[in-house]
Amino acid sequence: MRVALLCNVDQAVYRVGDEAIGIASAAQLRQRGHEVVMISRQEKYGPGGQPHAESIPALTFPWPLDERDRYLAEIRKVLSGNHVALPAKDKLFKIMNQLRGVDALVIGGGGSLNSNFGWLVYERLATALVASFLDIPVVLSGQSLGPFLLLSDRAALKELLELCQLVGVRDADSYRLATQLCPEHPAIFQTLDDAVLLDADWDHPKANRISVTLGDNAEPFTEHDYVSIMAALIDGLAQRTDAEVEFVPHMADPDRPRSDVRIHKLVAAQMSHQATLLPIEQAVDATTRLAASRWALTTRFHPVVFGLLSGTPVLPITLGRYARSRVDGALANWGRSNASVPLAALWDPATGALRADVADAVLDALVAGADAERSAALAVRAERLDAAGRWWDQVVAVLDEASDTADDSDRADASNPAEAPPRCHTRRCHPRQRRPARRTRRARPGRPLHRRRRRGDCPLPLCTGCRRRPHGGVDHAHAEPPRLPRPRRPGRAGAGLG
């Protein structure tokens, strides 16, 4: 079976967590005997990365809400048979053509199904709509939903969940929201983040080092306060542990050192301890750096997941409800509750500086409980990895069942020609039916000239009116054309006689 896998991969800004999800998900499908075709941004491939041998371009939705709604409406029109609703060069037609060559669609995990990234909600819905149109089963895996959702995004998310045969979410808040949106859905499950099955060395020997990963978005705080608080907090941990500090970015453009790389430089400049600033690295390399560190401090999600897997004590700092919902969900999957620290609790609004009393209590508790935290994380790791593997067994079982059902339906159609779906009889798809070429040919109204293509390589669906394919972006006209009198040539018998 060929499975199309949609993850946030191959973007201009490299994201370690998203790439880890894509790598791990593809590996799980391949281990179970399936061929994987990535749905890719096709922009960049990370530091030193190479493009896939085969990939499908991802749909690109605009950021403004009104433009997103308009593009989604145009896609719906195309799927309903109006192929001139979008220009012929729109990538939707290429994506539809390539998706005809796969048997299933898996939408990989992440934290993009919320209104902070509303264009990604629409992208996934549109891709699922295309898959549903092509009778391809859809599975959603390892997602966080919400918590912030506009009404339009909430409706789009509900429709997406309804299109999926199987839904997996990675935290309790997302499970609660999914079941509220689709209370009748028969297959919504809480699972783990898909990156937990990344093939990395989680038992790497640990150096006395603090692995620091900070996101560059300081909202709702000012960047000045955010930088000063994080610098003081890292200094406090380094002083207590006598550990070296290493900044490991998880999000940055390899060619333009911004995002995490930029904020790391600002924080390191305010620290009293020396720190090592690293560039963005491939997902497995960045993950191994954290696994080889005795301590971790982060405002991002995946360093928390990797710390739990490797037994590295992590101090997770959350800046808002979105971050706290995801991080607390990941910690709860490992049996830990209320383990994240809101930045608001460390922030003195009067001065914008670190509250020393709260920071001392947090750091002292982290250092004192490090051994217990490490032991507890490693004690449940095997069970958690086994649960993640069983989830992918369930994914493959659903896809195989859908494929078997489709095969049975095809055999039934073939045995009963009356129920068989209509074929495309245009000469573009079936060159053997092409008439001998003429030196000059004119396209008759409603029937454009067709270019020779291989049999069965038709990118467009059947026209709902005449059950033929409207190639070249020209829809068939089904109204009876007006009948005009045929002009007579001069000189014929009876010409000009009353």
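On a predicted model such as this, the values are computed, not experimentally measured, just so you know.

Participant: Explain the overall build of the protein to me, please; I cannot follow it from the model alone.
Facilitator: Secondary structure summary: the protein contains 14 helices and 16 strands in total. Looking at the protein residue by residue over its 498 residues, the buried ones come to 50%. In the protein, the share of contacts with a sequence separation of at least 24, taken over all contacts with a separation of at least 6, comes to 71%. Accessible surface, the protein: about 24000 Å² in total, of which carbon and sulfur atoms supply 51%.

Participant: Whenever I open this one, the side chain of serine 55 confuses me. Can you help?
Facilitator: With respect to the secondary-structure elements, serine 55 resides in strand 4 (residues 55-57). Within the structure, serine 55 has its side chain in polar contact with the side chain of glutamine 42 (distance 2.8 Å). The residues touching serine 55, leaving out its near neighbours within four places in the chain, are Val37, Met38, Ser40, Gln42 and Gln98.

Participant: Please explain a nonpolar patch on the surface as it appears in this structure.
Facilitator: Judged by side-chain polarity, Leu65, Phe148 and Leu150 come together as a nonpolar surface patch covering roughly 230 Å² of accessible area. Inspection of the secondary structure assignment puts phenylalanine 148 in the loop between strand 7 (138-145) and helix 5 (151-163).

Participant: Explain the nonpolar core here, please?
Facilitator: The nonpolar side chains of a soluble globular protein tend to be buried with one another. If you look at the biggest cluster of nonpolar residues, it comprises 55 residues, and the most contacted ones within it are Val106, Val196, Phe306 and Val395. For this core, the elements supplying multiple residues, two or more each, are strand 1 (2-6), helix 1 (16-31), strand 3 (35-40), strand 5 (104-107), helix 9 (283-291), helix 10 (302-310), helix 11 (321-333) and helix 14 (370-415). No other element matches helix 14, which puts eight residues into this core. Discounting chain neighbours no more than four positions away, the residues touching valine 196 are Trp202, Val305, Leu309, Trp334, Leu385 and Ala388. One finds Leu72, Ile95, Val138 and Leu145 within the second-largest nonpolar core, a separate group that totals 52 residues.

Participant: Is there a simple way to explain helix 8 (residues 260-270) in this structure?
Facilitator: For an α-helix, 3.6 residues make a turn, and residues three or four places apart therefore share a direction. Every buried residue belonging to helix 8 is among Asp260, Val261, Ile263, His264, Val267 and Ala268, and all of these are buried. Summarising the axial view, the buried residues of helix 8 lie within an arc of 160°, below the 170-degree limit, and thus occupy one face. Those residues of helix 8 that are buried lie in contact with strand 10 (207-213), helix 7 (223-241), strand 11 (244-247), strand 12 (251-252) and strand 13 (275-277).

Participant: It is not clear to me how the sheet that holds strand 10 should be interpreted in this structure. Could you clarify?
Facilitator: Ordered by their spatial adjacency, six strands build an open sheet running 13-11-10-14-15-16, and the pairing between neighbours is parallel. Pairing within the sheet leaves two strands with one partner each, and these edge strands are strand 13 and strand 16 (341-342). Relative to strand 13, strand 11 runs parallel, the two sharing three bridges. Its bridge partner lying in strand 13, glutamate 246 is registered against threonine 276. Each of strand 10, strand 11 and strand 14 (293-298) touches helix 9; the most contacted strand, strand 14, lies at about 115° to it.

Participant: I keep staring at the confidence of the model for the protein and nothing clicks. Help me out?
Facilitator: Low pLDDT means the predicted coordinates in that region are not meant to be read closely. Per-chain confidence: the protein averages 86 in pLDDT, with 81% of residues scoring 70 or above. Here residues 464-469 is modelled with pLDDT under 50, and outside its nearest four sequence neighbours on either side it reaches 21 contacts, counting other chains as well. Low pLDDT, under 50, characterises residues 487-498; the predicted model gives this stretch two contacts beyond four residues in sequence or across chains.

Participant: Looking at this structure, how should I read the packing of aromatic side chains?
Facilitator: In this description, a pair of aromatic rings is defined by centroid distance and the angle of the planes. As enumerated under the stated definition, the model contains seven aromatic pairs in all. Taken together through their ring pairs, the aromatic side chains of Trp63, Phe117, Trp119 and Tyr322 make up a single cluster. In this structure, arginine 68 is placed above the aromatic ring of tyrosine 122, and the distance from its NZ or CZ to the ring centre is 4.9 Å. Cation over ring: arginine 170 sits above phenylalanine 301, and NZ or CZ is 4.2 Å from the ring centre.

Participant: Just to check I follow, could you spell out unusual backbone geometry for this structure?
Facilitator: For residues other than glycine, phi is negative in most cases, and the peptide bonds are mostly trans. Of the consecutive residues glycine 146 and proline 147, the connecting peptide bond is found in the cis state with omega at 5°. Relative to the helices and strands, proline 147 is located in the loop between strand 7 and helix 5. Put simply, glutamate 219 and proline 220 share a cis peptide bond, and its omega is 10°. For glutamine 42, which is not glycine, the phi dihedral falls at a positive 60°. Assignment of secondary structure puts glutamine 42 in the loop between strand 3 and strand 4. One non-glycine residue, serine 259, lies in the positive phi region at around 55°. Relative to the elements of secondary structure, serine 259 occurs in the loop between strand 12 and helix 8. Since its relative accessible area comes to 12%, serine 259 is described here as buried.

Participant: How do you make sense of the packing of helix 2 (residues 65-79) against helix 3 (residues 91-99) when you look at a structure like this?
Facilitator: The angle between the axes and the distance between the axes are what describe a pair of packed helices. Two elements in contact, helix 2 and helix 3, have axes whose closest approach is 11 Å; the angle formed by their N-to-C orientations is 50°. As judged from the angle between their axes, helix 2 and helix 3 are oblique. Here helix 2 and helix 3 pass one another in a crossing that is right-handed. Where helix 2 abuts helix 3, its residues Tyr71, Ile75, Val78 and Leu79 lie against Leu92, Phe93 and Met96.

Conventions used here
- Residues numbered from 1 in each chain as written.
- Predicted model: local features only at pLDDT ≥ 70, side-chain atom pairs only at ≥ 80, totals over all residues.
- Heavy atoms only, no water.
- Helix = DSSP H or I, 4+ residues; strand = E, 2+ residues; numbered from the N terminus.
- Buried < 20%, exposed > 50% of the residue type's maximum accessible area, 1.4 Å probe, protein only.
- Contact = heavy atoms within 4.5 Å.
- Areas by Shrake-Rupley, 256 points an atom, 1.4 Å probe, with all protein chains shown as cover.
- Polar contact = N/O pair within 3.5 Å; in protein donor to acceptor, adjacent residues only side chain to side chain.
- Patch = residues over 30% accessible without salt bridge, like charges linked within 9 Å, V, L, I, M, F, W, Y side chains within 5 Å.
- Salt bridge = Lys/Arg side-chain N within 4 Å of Asp/Glu carboxyl O.
- Core = buried A, V, L, I, M, F, W, Y, C linked by side-chain atoms within 4.5 Å.
- Arc of directions from axis to C-beta.
- Pairing = 2+ DSSP bridges.
- Axes fitted to C-alpha atoms, helices over the stretch in contact; angles between N-to-C directions.
- pLDDT = per-residue confidence, 0-100.
- Phe/Tyr/Trp six-rings, centres within 6.5 Å; stacked < 30°, edge-to-face > 60°.
- Lys NZ or Arg CZ within 6 Å of the ring centre and 35° of its normal.
- Parallel < 35°, antiparallel > 145°, perpendicular 65-115°, else oblique.
- Left-handed = near helix turned anticlockwise from the far one by under 90°.

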